[in-house]
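Listed here are the chains, written in short residue letters.
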Amino acid sequence: MPRVSEEHLERRRRQIVDAARACFIRKGVHATSMQDIFAEAGLSAGAVYRYFKSKNEIIEANISTVVGDMHAFFDELSHADPLLPLDEVIEQLAAKVVDLSGENGPLRLAPEAWALAVHDPEIATYVAANVTALRETWTAYMSRLVQAGFLPADTDVVAVGKTLFAVVPGFLVQRLVLGDFSPEELRRGVRALTRESMLTLPT
C-alpha cells in the first residue's frame, strides 16, 4: 500500500480546519458540533479524528493559523530597518486585522476564542501562549524605540508593550460590532495621543 504524502496529509488537515472555521463563523463555536464539521468537510468521523482528537484541537488549529499570520506580520514590522514609527506600525497592524476579519476571515473567531479561554483551561493555555508572544513582540519594538532615542531611557517597555497589545483587540471588536473604525482613523488617534502636548500637562 503506497504511503500517503506529507502534502496530502497537510491538504486534508487544512480541509478540516477550513471546514471547521466556516462552521464556527456561521453558527458560532459553541453551537458547532463535530457532526457539523464532518458534514462541512465531507469526511467521515474516522477521517477527521485521524488528524484531530477533539473539537478543542480544531479550535486551537484555527487560532494557530490566524495568530501565526499576525505574529509573522508583526514581527517583520517590529524589526523593519529603518525603524518604523509607532503610528505606522499601528496602522499596518490594523490593516492586517481588516484583511483577516472579513466575511470569512479567520480573525472573526478571535473574540470567541478569548471567551472560551475564560472557562476552558485547555484553550486558555493555548491562547495565553499566543498572547504572551505578541506582547513580547510589542516589548521588543518598544526597546528599539528607546535605543533609538524616541522614548526616554527609563521607559517601562513591558508596561507599554502590554498597553499597546490591548489596542489591536479593541480595534477588532469595534470593527466586528460597529464597523465604523478604519486603520487610518486609528493612526490619527494614536498620533493625537502621542503628541508631546497631549502627554505633558500645562503648568
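Structure's up top.
Residues numbered from 1 in each chain as written. Predicted model: local features only at pLDDT ≥ 70, side-chain atom pairs only at ≥ 80, totals over all residues. Heavy atoms only, no water.

## Some points on unusual backbone geometry
Negative phi is the rule for most residues except glycine; trans is the rule for most peptide bonds. Asp81 connects to Pro82 through a cis peptide bond whose omega is 10°. Residue placement: Pro82 occurs in the loop between helix H4 (55–78) and helix H5 (86–100). (Helix = DSSP H or I, 4+ residues; strand = E, 2+ residues; numbered from the N terminus.)

## Comments concerning a nonpolar patch on the surface
Taken together, the side chains of Trp114, Val173, Val177 and Leu178 make up a nonpolar region of the molecular surface, amounting to roughly 380 Å² of accessible area. The residue Val177 is located in helix H9 (residues 167–177) in this model. On the basis of relative accessibility, which here comes to 62%, the residue Val177 falls in the exposed class. (Patch = residues over 30% accessible without salt bridge, like charges linked within 9 Å, V, L, I, M, F, W, Y side chains within 5 Å. Areas by Shrake-Rupley, 256 points an atom, 1.4 Å probe, with all protein chains shown as cover. Salt bridge = Lys/Arg side-chain N within 4 Å of Asp/Glu carboxyl O. Buried < 20%, exposed > 50% of the residue type's maximum accessible area, 1.4 Å probe, protein only.)

## Topic: helix H7 (residues 121–147)
With 27 residues, H7 should cover 39 Å at 1.5 Å per step; its first-to-last C-alpha distance of 38 Å lies within 8% of that length. Along H7, the residues classified as buried are Ile123, Val127, Asn130, Leu134, Thr137, Trp138, Thr139, Tyr141, Met142, Leu145 and Val146. Tucked inside the fold, the buried residues of H7 contact H4, H5, helix H6 (110–119) and helix H8 (157–165). One side-chain oxygen at the N-terminal end of H7 lies 2.9 Å from the backbone nitrogen of Glu122; it belongs to Asp120. Just downstream of H7, Gly149 is the residue with a positive phi angle, here 90°. (Expected span 1.5 Å × (residues − 1). Contact = heavy atoms within 4.5 Å. Polar contact = N/O pair within 3.5 Å; in protein donor to acceptor, adjacent residues only side chain to side chain.)

## Section: the nonpolar core
Judged by nonpolar contacts, the single largest core of 55 residues is most densely connected at Ile58 and Trp138. With 9 residues, H4 is the largest single contributor of residues to this core. Not counting residues within four places of it along the chain, the set of residues in contact with Trp138 comprises Phe74, Leu86, Val89, Ile90, Leu93, Gly161, Leu164 and Phe165. (Core = buried A, V, L, I, M, F, W, Y, C linked by side-chain atoms within 4.5 Å.)

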